[in-house]
Amino acid sequence: MESQSAADEKWLQGLIAAGLKIGISKRELLEDYYPDELALVFSEYARLSAPPEERVEEAYGDDLW
């Protein structure tokens, strides 16, 4: 098992891997996004990728007619 300090040293590789998974290249990740934006991008990706039964969308009765 990895020590905590070894895991802490690999945070950037984890961030790059997560970016690549959602289609953001390493260059884009490091040059085109502000750190504050990344949390929002990953959060929205997670929300959109959730299985349908976990997603909740609000609908009003008027919208049905």
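Residues numbered from 1 in each chain as written. Predicted model: local features only at pLDDT ≥ 70, side-chain atom pairs only at ≥ 80, totals over all residues. Heavy atoms only, no water.

Asks: Whenever I open this one, the overall build of the protein confuses me. Can you help?
Replies: Secondary structure summary: the protein contains five helices and zero strands in total. Counting only residues that meet the buried cut, the protein has 11% of its 65 residues in that class. Element-wise, carbon and sulfur atoms account for 56% of the exposed surface of the protein, whose accessible area totals about 5900 Å². (Helix = DSSP H or I, 4+ residues; strand = E, 2+ residues; numbered from the N terminus. Buried < 20%, exposed > 50% of the residue type's maximum accessible area, 1.4 Å probe, protein only. Areas by Shrake-Rupley, 256 points an atom, 1.4 Å probe, with all protein chains shown as cover.)

Asks: Honestly, the confidence of the model for the protein in this entry has me stumped. Any pointers?
Replies: Reading predicted coordinates in detail is not appropriate for stretches of low pLDDT. Per-residue pLDDT for the protein averages 84, and the proportion of residues at 70 or more is 83%. Mean pLDDT in the protein bottoms out at helix H1 (residues 4–9), which sits at 72, and peaks at helix H3 (residues 26–31), which reaches 95. (pLDDT = per-residue confidence, 0-100.)

Asks: Help me understand the packing of helix H2 (residues 11–21) against helix H4 (residues 35–49) in this model?
Replies: Across the interface, H2 lies against H4 with an axial gap of 11 Å and an inter-helix angle of 50°. Here H2 lies oblique to H4, going by the angle between them. Remark: the crossing between H2 and H4 carries left-handed chirality. Facing Leu15, Ala18, Gly19 and Lys21 of H2, the residues of H4 in contact are Leu38, Phe42 and Tyr45. Considering only residue class, the contact of H2 with H4 consists of five nonpolar, one polar and one charged. (Axes fitted to C-alpha atoms, helices over the stretch in contact; angles between N-to-C directions. Parallel < 35°, antiparallel > 145°, perpendicular 65-115°, else oblique. Left-handed = near helix turned anticlockwise from the far one by under 90°. Contact = heavy atoms within 4.5 Å. Nonpolar A, V, L, I, M, F, W, Y, C, P; charged D, E, K, R; others polar.)

Asks: Help me understand the nonpolar core, please; the structure alone is not making it clear to me.
Replies: Generally speaking, nonpolar side chains in soluble globular proteins are found buried as a group. Among the nonpolar cores identified, the biggest contains five residues, and these are Ile16, Ile24, Leu29, Leu38 and Phe42. With residues near it in sequence (within four places) discarded, Leu29 still touches Leu15, Ile16, Ile24 and Leu38. (Core = buried A, V, L, I, M, F, W, Y, C linked by side-chain atoms within 4.5 Å.)

Asks: Explanation requested: the environment of Leu15 in the structure shown.
Replies: For Leu15, the position within the fold is in helix H2. Classification of Leu15 by relative accessible area gives partly exposed; the value is 23%. Leu15 sits 23 residues away from Leu38 along the chain, and the two C-alpha atoms are 9.3 Å apart.

Asks: What's the story with the pattern of salt bridges in this structure? I'm lost.
Replies: A full pass over the atoms with the stated rule returns two salt bridges. With a closest N to O distance of 3.4 Å, Glu31 and Arg27 form a salt bridge. Here Glu31 and its partner Arg27 are both found in helix H3, four residues apart, which amounts to about one turn of the helix. When its relative accessible area of 54% is taken as the criterion, Glu31 is described as exposed. A residue is classified by how much of its surface remains accessible, and Arg27, at 61% relative accessible area, is exposed. Ionic pairing is found between Glu44 and Arg47, a salt bridge with its closest N-O pair at 2.6 Å. (Salt bridge = Lys/Arg side-chain N within 4 Å of Asp/Glu carboxyl O.)

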